[in-house]
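Coordinate inspection notes
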Amino acid sequence: MTLLRNLALSALLLGTVACTDSGGGNPPGTAATRALDRAAGTNTSGAYPAQSDGTPANPPGTATNRAVDRAAGTNTSGAYPAQSDGMPGNPPGTAASRAMNRATTPATR
């Protein structure tokens, strides 16, 4: 009787182990971090490597930093190197400092 009980218990444990997800169907991270990644376009959980910073689908910086860069013509996120200071489209200094320089520097003829 003990042998039969041990065999039944072994079969139950083996079935439980066989049904346990070994990682093949369950991506990294928790459901909460994966949901955050889907909503924010990040890869904090490790389940969305295509959303990591610097990939073609997700340039450097956060979406918020990139939006500020687009609006202000800056490159704080690193996603817009052409907008860095000193580039042809963005001379050194800020737009405000350049405007101040124009306003306070006498015009030469």
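Residues numbered from 1 in each chain as written. Predicted model: local features only at pLDDT ≥ 70, side-chain atom pairs only at ≥ 80, totals over all residues. Heavy atoms only, no water.

Across its full length, the protein chain carries four helices and zero strands. Order of helices (α) and strands (β) in the protein chain, N terminus to C terminus: α-α-α-α. In the protein chain, which comprises 109 residues, the proportion classed as buried is 11%. In the protein chain, the share of contacts with a sequence separation of at least 24, taken over all contacts with a separation of at least 6, comes to 0%. Entry remark: accessible area of the protein chain is about 8,000 Å², with carbon and sulfur atoms responsible for 65%. (Helix = DSSP H or I, 4+ residues; strand = E, 2+ residues; numbered from the N terminus. Buried < 20%, exposed > 50% of the residue type's maximum accessible area, 1.4 Å probe, protein only. Contact = heavy atoms within 4.5 Å. Areas by Shrake-Rupley, 256 points an atom, 1.4 Å probe, with all protein chains shown as cover.)

Glancing now at the side chain of R34. Within the element layout of this structure, R34 appears in helix 2 (residues 31-40). Comment: no salt bridge for buried R34; closest opposite-charge side chain is D37, at 7.7 Å. A distance of 2.7 Å separates the side chain of R34 from the backbone oxygen of G29, its partner in a polar contact. When neighbours within four sequence positions are excluded, R34 is seen to be in contact with N26, P27, P28, G29, S45, A47 and Y48. (Lys, Arg positive; Asp, Glu negative; His and termini not counted. Salt bridge = Lys/Arg side-chain N within 4 Å of Asp/Glu carboxyl O. Polar contact = N/O pair within 3.5 Å; in protein donor to acceptor, adjacent residues only side chain to side chain.)

Bringing the environment of T105 into the picture now. As for its placement among the helices and strands, T105 is situated in the segment after helix 4 (95-104). Looking at T105, its side chain comes within polar contact range of the main-chain oxygen of N101, at 2.6 Å.

Let us look at the environment of G93. You can see G93 is positioned in the loop between helix 3 (63-72) and helix 4. Assessed through its relative accessible area of 28%, G93 is described here as partly exposed. The residues touching G93, leaving out its near neighbours within four places in the chain, are D85 and R98.

Quick look at the confidence of the model for the protein chain now. Of all residues in the protein chain, 71% have pLDDT values of 70 or greater, and the mean over the chain is 74. In the model of the protein chain, helix 1 (residues 2-19) stands out as the element of lowest mean pLDDT, 52, in contrast to helix 2, which has the highest, 87. Note that residues 14-22 has pLDDT below 50 and, in this model, one contact with residues that lie over four places away or in other chains. (pLDDT = per-residue confidence, 0-100.)

Time to look at the environment of P60. Positionally, P60 belongs in the loop between helix 2 and helix 3. Note: C-alpha distance between P60 and G78 (18 residues apart in sequence) is 5.6 Å.

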